[in-house]
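Descriptive analysis of the structure
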Amino acid sequence: MLKAIVVDDEYVVLEGLRSLADWSSYGVELAGTARSGSEGLALIERLRPEIVLTDIQMPVMDGLEMIRRAKEIVPESVFVIFSGFNEFRYAQSAISLGVLDYLEKPVTLESIDGAISRAVKLLHSRAPAGDSDMPKARAEQDALSQAVRALLDGTIQDFSQYVAFFEERGLPLPPLRSGGAAALRIAQRDGEGNHAAPRNTVQDGYAALCRSFQRRALREGEQAVFLQQEGDLLLVLLSPGAQELCLTRRLSALAAEGEYSFFAGVGEDCADPLRLPLCCLQARQALRYALFREENSVLPIGEVQNGHLPAGGGWEEEILYHLRAGEREETLAAVDGLLDFWWKSNLSPQLFCHECLELCYLGLRAAQETGENYLETLGEGYLPHEELFRLRGYRQICGWVRGFFGRLCDWLQEVKSRGMHKGVLEAKQYILKNYDKSLTLQELAQAVYMNPTYLSMLFKEQVGTTYIKFLTSVRLEHARELLERGMKVSAVSSQVGFHDARHFSEVFKKTFGITPDQYKHGH
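Residues numbered from 1 in each chain as written. Predicted model: local features only at pLDDT ≥ 70, side-chain atom pairs only at ≥ 80, totals over all residues. Heavy atoms only, no water.

So, on to helix H12 (residues 328-344). Taking 1.5 Å of rise per residue, the 17 residues of H12 would be expected to cover 24 Å, and the 25 Å separating its terminal C-alpha atoms lies within 8% of that figure. For H12, the set of buried residues is Thr331, Leu332, Ala334, Val335, Gly337, Leu338, Leu339, Trp342 and Trp343. Residues of H12 that are buried sit in contact with helix H10 (276-293), helix H11 (315-324), helix H13 (349-367) and helix H15 (394-417). Backbone geometry just downstream of H12 places Asn346 in the positive-phi region, at approximately 55°. (Helix = DSSP H or I, 4+ residues; strand = E, 2+ residues; numbered from the N terminus. Expected span 1.5 Å × (residues − 1). Buried < 20%, exposed > 50% of the residue type's maximum accessible area, 1.4 Å probe, protein only. Contact = heavy atoms within 4.5 Å.)

This is the structure in structure tokens:
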């Protein structure tokens, strides 16, 4: 069956032609639609349609420019254009491009049917006798493309299904002695490590890469299949020869001389078509690693290093110490040190992002010790992982993590400047009520739901003395009151939390300059 596509920036036109035209009655399949010339060119590159119907005036790339470029890809295809009455001045250019029909908008069902009919007749007149559909080579290429897609989506799962796929179409089984896969992404790097490129640049770049590989494949007697998955171009190259495909070398040469900058991951070569899905998975994994590491634009799967998270380092503790102390520069320096430590450990992109997220949540838990919720200041429903997992390159991820901790430090400083911390106030009250008990820093911190180290630093900063000196002063003030009532020194000592009378006497004398007995008898 012949394939056709429609390219028009008007949704109404696309849907109208999709649903109203009786494509199948002419032995034609409407294989796809596009909303701009650049999208149309990418679709032509991927689907190799025999019939292309296109508007002239469209964003990014007009229809005539798309036809000029498409002629290099599918020189035997038939083109039909339609446009408004005021654009008839383009007719001469269209004729010079060998366009079969020029239809004025609004197009009618009769005019579309007539154009499809004429296109089909022209294509059949070009085909060899006995072939009423399309040239045999085109049929084999299209069947191979469909077979590769069926392998990747799991429709074909064993070799018997693979053989049956071609037998059902009356085509020979493609000779395959060597196959491979590569995943590519057009990229324009900026100063922040972002690899995103404008949509028109991406589509133009993919079209150029496809043309380059297609020409090489034809010269070598190979077959190339192109797919787009989640913004990446997937290339599957099949060869009847036993020689190595050398995809990595070919792509590296193309990257060095090409007009477009791109990153690529390359899977292992294979001679079994059932292993092609694994090769494609490897290629996409290598591409993600190449985008993350930002070192090699073309990376084979064999060079992907997935290190394990090393133990130790003490970086997290240092980060939390400086964060709680309000030391912004020291906090960021420790964050940089930990990120560099992970980088040198060759963590995979997934593990690196996971550890960065864990670090951010560690910082958030420390921030909760203030009694306030930092996340609430960032907007309802905000979650750090949604931002982090949208990032790709190492520099971009590190910049985001550093910015996260910088803003967290600023917020903590602002909270501190508002007055005495809620936790410190609660700690003072707890001491005043429980001074007569054995009271450790750990117990005090647990009572006010704070980290012991952070509570100790914050208490001294806001009260002006350490928690233990504050506790001792409270105990001694109560001790003086009891001594003034005439209580025995040993009884006073145990009642105010000193369980060793001798130690109590030493502390009392050091503080007031006289012993508890002297103080008692002096009052």
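Note that soluble globular proteins tend to have their nonpolar side chains buried in a common cluster. Counting 38 residues, the largest nonpolar core has Phe352, Ile397, Val401, Phe405 and Leu408 as the members making the most contacts within it. Where this core is concerned, the elements lending two or more residues are H11, H12, H13 and H15. Per element, the largest residue contribution to this core is twelve residues, and it comes from H15. Excluding residues that lie within four positions of it along the chain, Phe405 makes contacts with Ile319, Thr331, Leu332, Val335, Leu359, Cys360 and Gly363. Counting 32 residues, the second largest nonpolar core, distinct from the first, contains Phe165, Ala283, Leu299 and Ile301. (Core = buried A, V, L, I, M, F, W, Y, C linked by side-chain atoms within 4.5 Å.)

With that settled, the discussion passes to helix H21 (residues 501-512). Over its twelve residues, H21 runs 16 Å from end to end, which matches the ideal 16 Å to within 8%, given 1.5 Å per residue. Among the residues making up H21, those that are buried are Phe504, Val507 and Phe508. Buried positions in H21, seen along its axis, are confined to an arc of 100° and lie on one side of it. Turned more than 90 degrees from where H21 packs its buried face, Arg502 and Lys510 sit exposed. In the core, the buried residues of H21 are packed alongside helix H19 (467-484), helix H20 (489-495) and helix H22 (516-522). N-capping of H21 is provided by Asp500, with a side-chain oxygen placed 3.0 Å from the backbone N of Arg502. (Arc of directions from axis to C-beta. Polar contact = N/O pair within 3.5 Å; in protein donor to acceptor, adjacent residues only side chain to side chain.)

On to the side chain of Arg48. The residue Arg48 is located in the loop between helix H2 (37-47) and strand S3 (51-55) in this model. Polar side-chain contacts of Arg48 include one of 3.1 Å to the backbone oxygen of Glu45.

Turning our eyes to something else, we now look at the sheet that holds strand S5 (residues 101-104). Read across the open sheet, the five strands follow the order S2-S1-S3-S4-S5; overall the sheet is parallel. Looking along the sheet, the strands with just one partner apiece sit at the ends: strand S2 (28-34) and S5. Recorded for the sheet is a direction-independent mean angle of 20° between the axes of neighbouring strands. Lying on the sheet, helix H3 (residues 63-73) is in contact with strand S1 (2-7), S3 and strand S4 (78-83); it crosses S3 at an angle near 155°. (Pairing = 2+ DSSP bridges. Axes fitted to C-alpha atoms, helices over the stretch in contact; angles between N-to-C directions.)

What follows covers empty space enclosed by the protein. A complete count under the given rule lists one cavity of 30 Å³ or more for this structure. Computed from the structure, the largest cavity encloses a volume of approximately 50 Å³. Lining the largest cavity are Ala42, Glu45, Arg46, Tyr206, Ala207, Cys210, Phe226, Leu227, Gln228 and Leu233. Of all elements in the fold, only H2, helix H8 (199-220) and strand S7 (223-229) reach the threshold of two or more residues within the lining of the largest cavity. Grouping the amino acids of the lining of the largest cavity by side-chain chemistry returns seven nonpolar, one polar and two charged. (1 Å grid on protein atoms, 1.4 Å probe; cavity = no way out; pocket = protein on both sides within 12 Å on 5 of 7 lines; lining within 4 Å. Points joined across faces, edges and corners; volume = space filled by probe spheres on them. Nonpolar A, V, L, I, M, F, W, Y, C, P; charged D, E, K, R; others polar.)

This paragraph deals with the packing of aromatic side chains. On inspection of all chains with the given rule, the structure shows 18 aromatic pairs. Ring plane angle 90° and centroid distance 6.2 Å describe the contact between Phe292 and Tyr394, whose orientation is recorded as edge-to-face. Of this pair, Phe292 sits in helix H10 while Tyr394 sits in helix H15, and the two are 102 residues apart along the sequence. Summarising the burial analysis for this pair, Phe292 and Tyr394 share the class buried. Linked through ring pairs, Phe292, Trp342, Trp343, Phe352 and Tyr394 together constitute an aromatic cluster. Stacked on the ring of Phe165, the Lys or Arg Arg169 has its end atom at 3.6 Å from the ring centre. Geometry around Phe498 places Arg475 over its ring, the cationic atom sitting 5.7 Å from the centre. (Phe/Tyr/Trp six-rings, centres within 6.5 Å; stacked < 30°, edge-to-face > 60°. Lys NZ or Arg CZ within 6 Å of the ring centre and 35° of its normal.)

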